Amino acid sequence: MARTAGFDEQVQVVVIGSGIGGLACAVHLAKQGLKVKVFEQHHIPGGCCTSFSRKGFKFDAGVLHLTGGNESGAFERVVTALGMQDEFAFREQTQRFIFPGLTLDSSRGIDSLPRQLGMLFPREKEGIEGLFATIKSIYDDVKHLPRLTPLLSRYKDKSFQELMDEYVRDPELKALASSNWHLWNPTWKNSAIDYSALLVTEQLRGYFYPVGGMQAIPDTFVRILKKHGGEIEFRACVDRILVGNGRACWVRLRNGRSVQAEHVVSNVAARATFLNLVGVESLPKGFTASLDQLEISLSAFYVYLGVDIDPRKHGLVAPETIVYESFDNSKEWQRLLDGGLSIPCFGIAVPTYLDPNLAPPGKHAVILMTMAPYNLAGKSWREEKDRFAEELVRKAEKLIPQLSRHILVREAATPLTYERYTLNSLGAAMGWAFTPGMFMKRPDQKTPIPNLYLAGHWTVPGGGVPAVALSGLRAARRILGS
Ligand SMILES: Cc1cc2nc3c(=O)[nH]c(=O)nc-3n(C[C@H](O)[C@H](O)[C@H](O)COP(=O)(O)OP(=O)(O)OC[C@H]3O[C@@H](n4cnc5c(N)ncnc54)[C@H](O)[C@@H]3O)c2cc1C
């Protein structure tokens with residue numbers, strides 16, 4: 001390929017961003033022999049799926065486990081398609097849900113949750129069976145998307161709350177059936193279809209955790225990328241995607257360098273891709289308005305603790321524990337959605353149960369987590385960060401007594417932290433929110449600009465590591481088929 005005058009570099013494909021979506025795309029293309037270059041603004045790969053070290057402790061910054069997302073077994077399918085199935089070592093992770101006076105453990109098997117709920121609420125056994133039969137049928141139909149089956153049409157605009165209301169009555173039963181928080185919404189905002197698909201996927205596939213911590217995942221992708229001739233450059237922020245003759249044809253880096261490409265893949269937040277990198281002048285009329293209608297998911301607040309006690313001594317045995325202090329957390333959710341510092345539920349993850357090498361001998365990495373709004377009503381994260389971290393530690397102390405006396409290392413991340421390190425709009429954890437109807441509105445990998453593709457959680461199928469890996473593979477296949 002001859003280099004066109006005026007460009008500093010020329011490749012076949014530029015991938016902007018090394019989140020798992022961008023990396024899956026880059027690896028597939030490099031393995032097919034294309035000249036691929038990834039530009040990453042951070043100094044490490046992975047985006048939301050990274051780890052950082054402090055005083056001998058290794059903490060996962062965002063992602064704490066892999067699931068199937070809303071696509072069962074998506075991660076396995078992608079890594080198998082990339083020939084990387086033997087590159088990872090995973091340990092199975094379990095979760096415990098704690099409600100007042102009641103504990104629910106995650107366990108594999110499609111009948112496990114309905115069976116546990118049936119025993120707890122025998123009067124509602126029939127409703128529970130009906131509810132879970134519908135959930136399973138929705139999951140079966142999701143593979144036909146984007147075609148809408150009659151069942152998907154029926155539930156496409158409904159929330160999981162509305163689906164539950166059709167079958168069961170007890171509010172505590174509904175709280176338990178919707179206790180999985182992985183779509184980052186209250187149950188009345190969770191899409192019935194996405195939530196059903198997630199529930200079945202998690203029951204079938206369970207949760208898994210990579211040995212070495214989350215950074216092992218992007219690091220492995222980068223190793224395979226380089227092995228196949230692909231390149232990655234860190235601290236390299238792309239600030240412009242140039243459109244010439246109606247096609248994406250080169251990118252400009254913040255330092256002024258220009259790189260010509262036959263194809264450009266953006267792993268960057270969708271609004272930033274189109275409004276900042278491409279520019280409205282190159283977009284079809286009405287396109288940005290269609291993006292404005294899409295809701296962005298919530299962000300997170302994490303506290304990372306290096307501790308010198310073993311929380312298992314206090315009965316905290318699951319690698320991930322989700323705590324609900326009440327069966328009705330709707331007020332806390334509403335406060336949070338209104339920009340308040342509110343904790344509808346919180347999680348305690350101890351990845352060192354699964355990989356003790358993530359901490360010095362005898363010590364543990366404990367991560368406290370909850371959902372959080374980017375904009376705080378009348379307050380700033382700068383002012384509130386320490387106080388909110390204290391509040392989470394206090395809550396965790398109900399399960400790990402005197403936790404605060406055993407802290408050797410403490411760090412916290414607010415939505416602003418996630419935004420700074422990943423450049424995701426509003427620090428969004430999942431890209432677009434998993435609200436009813438959203439599964440039909442997410443932008444496709446193919447964009448209105450020829451030769452510009454999307455990979456990651458701002459395109460189909462949505463957020464979560466397995467889903468974004470799949471989006472990357474699909475973007476690569478679009479390029480290869482073009
Ligand atoms: C706190 C938190 C917890 C989560 N927990 C889980 C979990 O347990 N399990 C799960 O499956 N999912 C989880 N998720 C969701 C999951 O992490 C994301 O959906 C997924 O990792 C997003 O991947 P992506 O490919 O879209 O890229 P991202 O991870 O969003 O990364 C995008 C990359 O692009 C880079 N970039 C952006 N703009 C530019 C630019 N202009 N130039 C160069 N580089 C740029 C960024 O630096 C970043 O590295 C969590 C997310 C968060 C934030």
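The structure displayed is predicted, hence computed values, not measured ones. (Residues numbered from 1 in each chain as written. Predicted model: local features only at pLDDT ≥ 70, side-chain atom pairs only at ≥ 80, totals over all residues. Heavy atoms only, no water.)

**Q** In this structure, what is going on with the sheet that holds strand β14 (residues 320-323)? I would like to understand it.
**A** Strand pairing in a sheet is mediated by backbone hydrogen bonds. Such pairs are either parallel or antiparallel. The seven strands lie next to each other as β7-β6-β14-β15-β16-β13-β17, forming an open sheet whose pairing is mixed. The sheet is open, and its two edges are formed by β7 (102-105) and β17 (407-413), each paired on a single side. Taking each pair of neighbouring strands and ignoring which way they run, the sheet shows an average axis angle of 20 degrees. (Pairing = 2+ DSSP bridges. Helix = DSSP H or I, 4+ residues; strand = E, 2+ residues; numbered from the N terminus. Axes fitted to C-alpha atoms, helices over the stretch in contact; angles between N-to-C directions.)

**Q** Can you walk me through helix α13 (residues 381-397) in this structure?
**A** In an α-helix, one turn spans 3.6 residues, which is why side chains three or four residues apart end up on the same side. Over its 17 residues, α13 extends 23 Å from the first C-alpha to the last, a length consistent with the 24 Å expected when each residue adds 1.5 Å. Residues Trp381, Glu384, Phe388, Ala389, Glu391, Leu392, Val393, Lys395 and Ala396 constitute the buried set of α13. Buried residues in α13 make contact with β13 (299-307), β15 (346-349), β16 (364-372), β17 and α14 (415-422). (Expected span 1.5 Å × (residues − 1). Buried < 20%, exposed > 50% of the residue type's maximum accessible area, 1.4 Å probe, protein only. Contact = heavy atoms within 4.5 Å.)

**Q** Before we go on, may I ask you to explain the site of the ligand in this structure?
**A** Inspection of the region around the ligand gives 38 residues, with Gly21, Glu40, Gln41, His65 and His457 positioned closest. One nitrogen or oxygen atom from the main chain of isoleucine 20 is found 3.4 Å from an oxygen atom belonging to the ligand. Interatomic distance of 2.6 Å between a backbone N/O atom of histidine 65 and a nitrogen atom of the ligand. Protein contact buries 97% of the 1000 Å² of open area that the ligand shows by itself. Secondary structure elements with two or more residues in the shell around the ligand: α1 (20-31), β13, α14 and α15 (465-481). (Near = heavy atom within 4 Å. Polar contact = N/O pair within 3.5 Å; in protein donor to acceptor, adjacent residues only side chain to side chain. Areas by Shrake-Rupley, 256 points an atom, 1.4 Å probe, with all protein chains shown as cover.)

**Q** Just checking my understanding: could you explain the packing of helix α4 (residues 125-142) against helix α8 (residues 192-205) for this structure?
**A** The axes of two packed helices give the description: the angle between them and the distance between them. Following both chains from N to C, one finds α4 and α8 inclined at 95 degrees, their axes separated by 8 Å at the closest point. One element, α4, and the other, α8, form an angle in the roughly perpendicular class. Residue-level inspection shows Phe132, Ile135, Lys136, Ile138, Tyr139 and Val142 of α4 in contact with α8, the latter providing Ile193, Ser196, Ala197, Leu199, Val200, Thr201, Gln203 and Leu204. Here the contact of α4 with α8 is built from residues that sort into 10 nonpolar, three polar and one charged. (Parallel < 35°, antiparallel > 145°, perpendicular 65-115°, else oblique. Nonpolar A, V, L, I, M, F, W, Y, C, P; charged D, E, K, R; others polar.)

**Q** Would you mind going over the nonpolar core with me for this structure?
**A** If you look at soluble globular proteins, the nonpolar side chains tend to sit buried side by side. Tyr302 and Tyr304 are the most contacted members of the largest nonpolar core, which has 62 residues in total. The contacts of tyrosine 304, once residues within four sequence positions are left out, are Phe52, Phe59, Asp60, Ala61, Val366, Ile367, Val409, Arg410, Glu411, Ala412, Ala413 and Tyr418. If you look at the next biggest cluster of nonpolar residues, it comprises 45 residues, including Ala30, Phe88, Ala469 and Ala475. (Core = buried A, V, L, I, M, F, W, Y, C linked by side-chain atoms within 4.5 Å.)

**Q** In this structure, what is going on with the environment of phenylalanine 439? I would like to understand it.
**A** Its place among the elements puts phenylalanine 439 in the loop between α14 and β18 (452-454). The buried category is assigned to phenylalanine 439, whose relative accessible area is 10%. Filtering out sequence-adjacent residues up to four positions away, phenylalanine 439 remains in contact with Leu145, Leu148, Lys156, Ile193 and Asp194.

**Q** I keep staring at the domain arrangement of the chain and nothing clicks. Help me out?
**A** In many analyses, interface size is given as the accessible surface area lost on bringing the parts together. Domain boundaries assigned for the chain yield domain 1 (9-49 + 69-82 + 214-294 + 439-481) and domain 2 (107-205). One C-alpha centre belongs to domain 1, the other to domain 2, and the line joining them spans 32 Å. Between domain 1 and domain 2, the residue contacts involve nine residues of the former and 13 residues of the latter. For the pair domain 1 and domain 2, the two sides together bury roughly 870 Å², of which 59% comes from carbon and sulfur. (Domains from an automatic or database assignment. Buried area = accessible area lost by both parts, 1.4 Å probe.)

**Q** Explain the packing of aromatic side chains to me, please; I cannot follow it from the model alone.
**A** Two descriptors summarise a pair of aromatic rings, namely the distance from one centre to the other and the angle between the planes of the rings. Within this structure, the stated rule accounts for 21 aromatic pairs. Geometrically, the ring pair formed by phenylalanine 160 and tyrosine 195 is tilted, given 4.3 Å between the ring centres and 45 degrees between the ring planes. Separated by 35 residues along the polypeptide, phenylalanine 160 in helix α6 (residues 160-167) and tyrosine 195 in helix α8 bring together distant segments of the chain. In this pair, the class of phenylalanine 160 matches that of tyrosine 195, namely buried. With a centroid separation of 5.9 Å and 55 degrees between ring planes, the pair formed by tyrosine 302 and tyrosine 304 is classed as tilted. Tyrosine 304 shares its class with tyrosine 302; the two are buried. By way of ring pairs, the aromatic residues Phe52, Phe57, Phe59, Tyr302, Tyr304 and Tyr418 are connected into one cluster. Here the guanidinium or amino end of arginine 442 rests over the ring plane of phenylalanine 434, the centre of that ring lying 4.5 Å away. (Phe/Tyr/Trp six-rings, centres within 6.5 Å; stacked < 30°, edge-to-face > 60°. Lys NZ or Arg CZ within 6 Å of the ring centre and 35° of its normal.)

**Q** Got a minute to help me understand the packing of helix α2 (residues 74-81) against α15 in this structure?
**A** Contact geometry for α2 and α15: axes closest at 8 Å, N-to-C directions at 40 degrees. Crossing hand, α2 versus α15: left-handed. Touching Ala74, Phe75, Arg77, Val78 and Ala81 of α2 are Val465, Pro466, Ala469, Leu470, Leu473 and Arg477, all from α15. The class makeup of the residues in the contact of α2 with α15 is nine nonpolar, no polar and two charged. (Left-handed = near helix turned anticlockwise from the far one by under 90°.)

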